Amino acid sequence: MSQGSKLVGMTQTPEDHAARFTEVAEEYDDDSSEEYKACAGAVIEAAAPEPEHTVLDLGAGTGAIGLALADDAKQVVLRDLSEGMLDQARQKVADRGLDNVEIGEGSFREPNYDGPADVIVSNFALHHLSDAEKREAIGIWADYEPERIVLGDVMFFEEPDPSVPFYSPEVDDPATVGTLVEAFTDEGYAVVDVKRIHDQVGVIVTHRIGEGDLVPGAE
């Protein structure tokens, strides 16, 4: 789950995920663990959009990641299933007077966006999907051919320990770091950095391998 145990008990259907997050939307930004904040900061730093870039933020929630990048990018596109979370993002956009942010409903596997995406970011959300669904989602992201994909999430560096508050096994399905790295490399992305925030929280930074680029491990 996104920031610990506050959403224990939700089912794994997308509709229930959306409904539960809508219930906590107004308090969501105030109920963040230090690890979540560190993860978000690392994703923002690694995203590093150029002024001509469009950033696609998937599982955007209240817009913590995408809106932090809005001043540096040409456009930011936020997609989430929870209207309550997106309403919080809309209020932030209005408060800041931003005119380069598009907000709408969309999921990891159906972003409902057909424009350009130079950088794709996602933070603390992909772990709600099964490993097979994560692979499918990453394949869809890769179809946009972004220069970079930056994923911050609950992920296992060590043997999973459900006693810590970053996930609940009855409702969440985090992947190992190796599983996620393999999913990205299978889609033509080189993993250029893996930041370990906690034994169960990390950031994976990838770069699209273009023609003439050396594939890691190739001679």
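Note that the structure is predicted; figures quoted are calculated from it, not measured.

K.L.:
Looking at this model, I keep getting lost on the nonpolar core. Mind explaining?
P.N.:
Soluble globular proteins tend to bury their nonpolar side chains together. Of all hydrophobic cores here, the largest spans 33 residues; its most connected members are L78, V101 and V121. Of all the secondary structure elements, the ones that give two or more residues to this core are helix 3 (34-47), strand 2 (75-80), helix 4 (83-96), strand 3 (101-105), strand 4 (119-123), strand 5 (148-156) and strand 8 (201-208). The biggest single contributor to this core is helix 3, with seven residues. In this view, V121 contacts V43, A47, V55, L56, D57, L58, I65, L69 and V150; residues no more than four positions away in its chain are not counted. L126, W141, I149 and I204 belong to the second largest nonpolar core, which has 25 residues in total.

K.L.:
Help me understand the side chain of N100 in this model?
P.N.:
Inspection of the secondary structure puts N100 in the loop between helix 4 and strand 3. Judged by relative accessible area, N100 falls into the buried class, the value being 15%. In this structure the side chain of N100 is engaged in a polar contact, spanning 2.9 Å, whose partner is the backbone oxygen of A70.

K.L.:
Could you clarify how one ought to interpret the packing of helix 5 (residues 131-143) against helix 6 (residues 177-186) in this entry?
P.N.:
In a packed pair of helices, the relevant descriptors are the angle between the two axes and the axis-to-axis distance. Following both chains from N to C, one finds helix 5 and helix 6 inclined at 35 degrees, their axes separated by 9 Å at the closest point. Crossing of helix 5 over helix 6 shows right-handed handedness. For the pair helix 5 and helix 6, contact is made by D131, K134, R135, I138 and W141 and by T179, L180, E182, A183, F184 and D186, respectively. Considered class by class, the residues forming the contact of helix 5 with helix 6 number five nonpolar, one polar and five charged.

About the cut-offs
Residues numbered from 1 in each chain as written. Predicted model: local features only at pLDDT ≥ 70, side-chain atom pairs only at ≥ 80, totals over all residues. Heavy atoms only, no water. Core = buried A, V, L, I, M, F, W, Y, C linked by side-chain atoms within 4.5 Å. Buried < 20%, exposed > 50% of the residue type's maximum accessible area, 1.4 Å probe, protein only. Helix = DSSP H or I, 4+ residues; strand = E, 2+ residues; numbered from the N terminus. Contact = heavy atoms within 4.5 Å. Polar contact = N/O pair within 3.5 Å; in protein donor to acceptor, adjacent residues only side chain to side chain. Axes fitted to C-alpha atoms, helices over the stretch in contact; angles between N-to-C directions. Left-handed = near helix turned anticlockwise from the far one by under 90°. Nonpolar A, V, L, I, M, F, W, Y, C, P; charged D, E, K, R; others polar.

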